[in-house]
Amino acid sequence: MVTDAEWTRIRRGLRFGQVFEGTVVQVPRPGAIGIFVDIGLSVGGFVDVLLLPEQTEDWPTEGTVADFEIWWADSRRQIRLKPSDSHYLRNDFTDFVDRFRPNWPSEVGQPVRDPDPPPPR
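Description of the structure in this document.

Here is what the cut-offs are and how they apply
- Here, residues in each chain are numbered from 1, in the same order as that chain's written sequence.
- Where local features are concerned, this predicted model is filtered to residues with pLDDT of at least 70; where side-chain atom pairs are given and counted, the filter is 80 or more; whole-chain, interface and lining totals use all residues.
- Water and hydrogen atoms were dropped before computing side-chain values, which therefore reflect all heavy atoms in the structure.
- A strand pair is defined by DSSP finding two or more bridges across the two strands.
- Only DSSP runs of H or I with at least four residues qualify as helices, and only runs of E with at least two residues qualify as strands; both kinds are numbered from the N terminus onward.
- Working convention: axes come from line fits to C-alpha atoms, limited for helices to the stretch in contact. Angles between N-to-C directions cover 0 to 180 degrees.
- Should a side-chain nitrogen of Lys or Arg be within 4 Å of a carboxyl oxygen of Asp or Glu, the pair is scored as a salt bridge.
- Burial here depends on accessible area, computed with a 1.4 Å probe over protein chains only, as a share of the maximum for the residue type. Under 20% is buried, over 50% is exposed, and the range in between is partly exposed.
- To pair, rings of Phe, Tyr and Trp, with the six-membered ring standing in for Trp, must have centres within 6.5 Å; the planes then decide the type, stacked if under 30 degrees apart, edge-to-face if over 60, and tilted in the middle.
- Two limits define a charge over a ring: the Lys NZ or Arg CZ must be within 6 Å of the ring centre, and within 35 degrees of the ring normal.

Brief notes about the sheet that holds strand β4 (residues 65-73)
Step number 1: Read around the closed barrel, the five strands follow the order β1-β2-β3-β5-β4; overall the barrel is mixed. Here the strands of the sheet are splayed against their neighbours by 55° on average, with no regard to which way each runs.
Step number 2: In this sheet, strand β2 (residues 34-38) lies alongside strand β1 (residues 19-26) in antiparallel orientation, the contact comprising three bridges. When the bridges of β2 are listed, Val24 appears paired with Val37.

This is the structure in structure tokens:
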């Protein structure tokens, strides 16, 4: 388990679009949630189903080694990734980015921001 301090330290060293070579370690419920990727850090990487091709046979399989880019990181101790190889991206990725993350091109290279503090209880 990664401590809050370690996660904060790791996150501060991350930049959007930063590329890691990773190994797909788990593909639970293909077509439902996404894939888990080991990128060599003490926190796991995850590619959301929304970024992957519609057809699960086009997804990278367990054991696949490929490049992955940092797409997001928040308070969850997990780095959200997107495949660098367009073969492993949804077919309409450019349109998807235009609709849901239009600032992506300008975010590439920017530090991953600390998440907002949790709301008071």
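With respect to the pattern of salt bridges
Step number 1: Scanning the model with the defined rule gives six salt bridges in all.
Step number 2: Its salt-bridge partner being Asp92, residue Arg90 comes within 2.5 Å of it at the nearest N-O pair.
Step number 3: Residue Arg90 is classed as buried on the basis of its relative accessible area, which comes to 18%.
Step number 4: The partly exposed category is assigned to Asp92, whose relative accessible area is 27%.

Points about the packing of aromatic side chains
Step number 1: Counted by the stated rule, this structure contains six aromatic pairs.
Step number 2: Both rings, one in Phe36 and one in Phe46, keep their centres 4.9 Å apart while their planes meet at 55°; by these two values the pair is tilted. Here Phe46 lies in strand β3 (residues 44-48) and Phe36 lies in strand β2, a separation of 10 residues in the sequence.
Step number 3: Look at Phe46 and you get buried, because its relative accessible area is 6%.
Step number 4: With a centroid separation of 5.1 Å and 45° between ring planes, the pair formed by Phe96 and Phe100 is classed as tilted. Highlighted residues: Phe96 and Phe100, both in helix α2 (residues 93-100), separated by four residues, approximately one helical turn.
Step number 5: Classification of Phe96 by relative accessible area gives buried; the value is 9%.
Step number 6: On the basis of relative accessible area, Phe100 is assigned to the exposed category, the value being 55%.
Step number 7: The lysine or arginine in question, Arg101, covers the ring of Phe16, its NZ or CZ lying 5.2 Å from the ring centre.
Step number 8: Sitting above the plane of the Trp71 ring, Arg101 keeps its charged end 4.5 Å from the centroid.

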